[in-house]
Amino acid sequence: NNTIDEYAPGAIITGMAISSNRQLYDSNTIRNVMDGMMINTQTWPSQTSAYGLQNVTIENNQITVNPLAWRRTALVGYNQPSEAIFLNPNPYEPSPINGLSIVNNQITFSTGGTPVSGDATSGGIVFWTYNDVQVPVSNLYIAQNTITNALGPAIWSNITLTGGTTIQSNTIVDPARSS
């Protein structure tokens, strides 16, 4: 039940502690952000679990992404992609995720302005990588989310999703709003 307004990342969900099991992100209002919630999972020498994140639930949040406002300020890269809920694409030492539920979130993109190249990958729920960095994700559940006016894809991944991935019953309105 937090309200977060005008931050580049609204929240950072981390799997960098000794144990990052059973985190709940519920009923938050995140608005006017470049990125809503960034998932960052890394292995540290003191980490005792085989997983960076386990049994994490992101549910009932209202996220309004406004990349144009952030690009105007020059506080972020002009062509930087903007996502509502996303996996950090380049963690230092990626650590596996087991049990991640993204359910019943309302995601809206403020649209307008000149499209940029980063819009092609600016999406609602994004699990992506570059430089061949792979974060193993198992038991991923994405359901009953509403994603409106995504600049690029509403839900997108270019990583290998293993062991029990379910994506169902999401409502997607006007995706790929960018040229």
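Scroll up for the structure.
All of these numbers come straight from a predicted model, not from anything done at the bench.

Undergrad: I'm lost on the overall build of the protein chain in this one. Help?
TA: Counting its regular elements, the protein chain contains one helix and 17 strands. Relative to the compact-globule value of 16 Å for 179 residues, the protein chain shows a C-alpha radius of gyration of 15 Å, a close match. Residues counted as buried form 47% of the 179 residues belonging to the protein chain. When the accessible area of the protein chain is evaluated, it comes to approximately 8,300 Å², of which 47% is carbon and sulfur surface. Each charge class in the protein chain was averaged separately, 5 positive and 10 negative side chains, and the resulting centres sit 7 Å apart.

Undergrad: Just checking my understanding: could you explain the pairing of strand β7 (residues 62–65) for this structure?
TA: In summary, the side chains of a regular strand alternate between the two faces of the sheet. Where burial is concerned, the two faces of β7 differ: the one with I63 and V65 is buried and the one with Q62 and T64 is not. Sheet topology note: the strand β4 (residues 29–33)/β7 ladder contains four bridges and is parallel. Paired with T29 across the strands is Q62, a residue of β7. As defined by bridge partners, β7 adjoins strand β10 (residues 106–109) across four bridges and the pair is classed as parallel. From the neighbouring strand, I63 faces β10, where its bridge partner is I107.

Undergrad: I would appreciate a short explanation of the sheet that holds strand β14 (residues 155–157) in the present structure.
TA: Adjacent strands of a sheet pair through backbone hydrogen bonds, lying either parallel or antiparallel. Spatially, five strands are ordered β2-β5-β8-β11-β14 in an open sheet, and the strand pairing comes out parallel. Lying at the two open borders of the sheet, with one neighbouring strand each, are β2 (9–15) and β14. Between one strand axis and the next, the sheet turns through 10° on average, direction left out of account. Bridge count between β2 and strand β5 (residues 35–41): six bridges; the pairing is parallel. The partner of G15 across the bridge, within β5, is T41.

Undergrad: It is not clear to me how unusual backbone geometry should be interpreted in this structure. Could you clarify?
TA: When glycine is set aside, most residues are seen to have a negative phi, and most peptide bonds are trans. Here N32, not a glycine, exhibits a phi torsion of approximately 55°, which is positive. Relative to the assigned elements, N32 resides in strand β4. Owing to a relative accessible area of 27%, N32 belongs among the partly exposed residues under this scheme. Positioned with a positive phi, A74 is a non-glycine residue whose angle comes to about 65°.

Undergrad: What am I meant to see in the pattern of salt bridges here?
TA: Proximity of charged atoms lets side chains of opposite charge pair with each other. On inspection of all chains with the given rule, the structure shows two salt bridges. One salt bridge connects D5 with R31, and the closest N-O pair in it is separated by 3.4 Å. Here D5 is found in strand β1 (residues 3–5), whereas its partner R31 is found in strand β4, with 26 residues between them in sequence. The exposure class of D5 is partly exposed, given its relative accessible area of 29%. Overall, the relative accessible area of 36% leaves R31 in the partly exposed class. Close ionic contact of D119 with R71 constitutes a salt bridge, the shortest N to O distance being 3.0 Å. Of this pair, D119 sits in the loop between β10 and β11 (125–127) while R71 sits in helix α1 (residues 67–73), placing them 48 residues apart in sequence.

Calculation criteria
Residues numbered from 1 in each chain as written. Predicted model: local features only at pLDDT ≥ 70, side-chain atom pairs only at ≥ 80, totals over all residues. Heavy atoms only, no water. Helix = DSSP H or I, 4+ residues; strand = E, 2+ residues; numbered from the N terminus. Rg over C-alpha atoms; globule rule 2.2 N^0.38 Å. Buried < 20%, exposed > 50% of the residue type's maximum accessible area, 1.4 Å probe, protein only. Areas by Shrake-Rupley, 256 points an atom, 1.4 Å probe, with all protein chains shown as cover. Lys, Arg positive; Asp, Glu negative; His and termini not counted. Charge placed at Lys NZ, Arg CZ, Asp CG, Glu CD. Pairing = 2+ DSSP bridges. Axes fitted to C-alpha atoms, helices over the stretch in contact; angles between N-to-C directions. Salt bridge = Lys/Arg side-chain N within 4 Å of Asp/Glu carboxyl O.

Take it as geometry only, folks, not as evidence of what the structure does.
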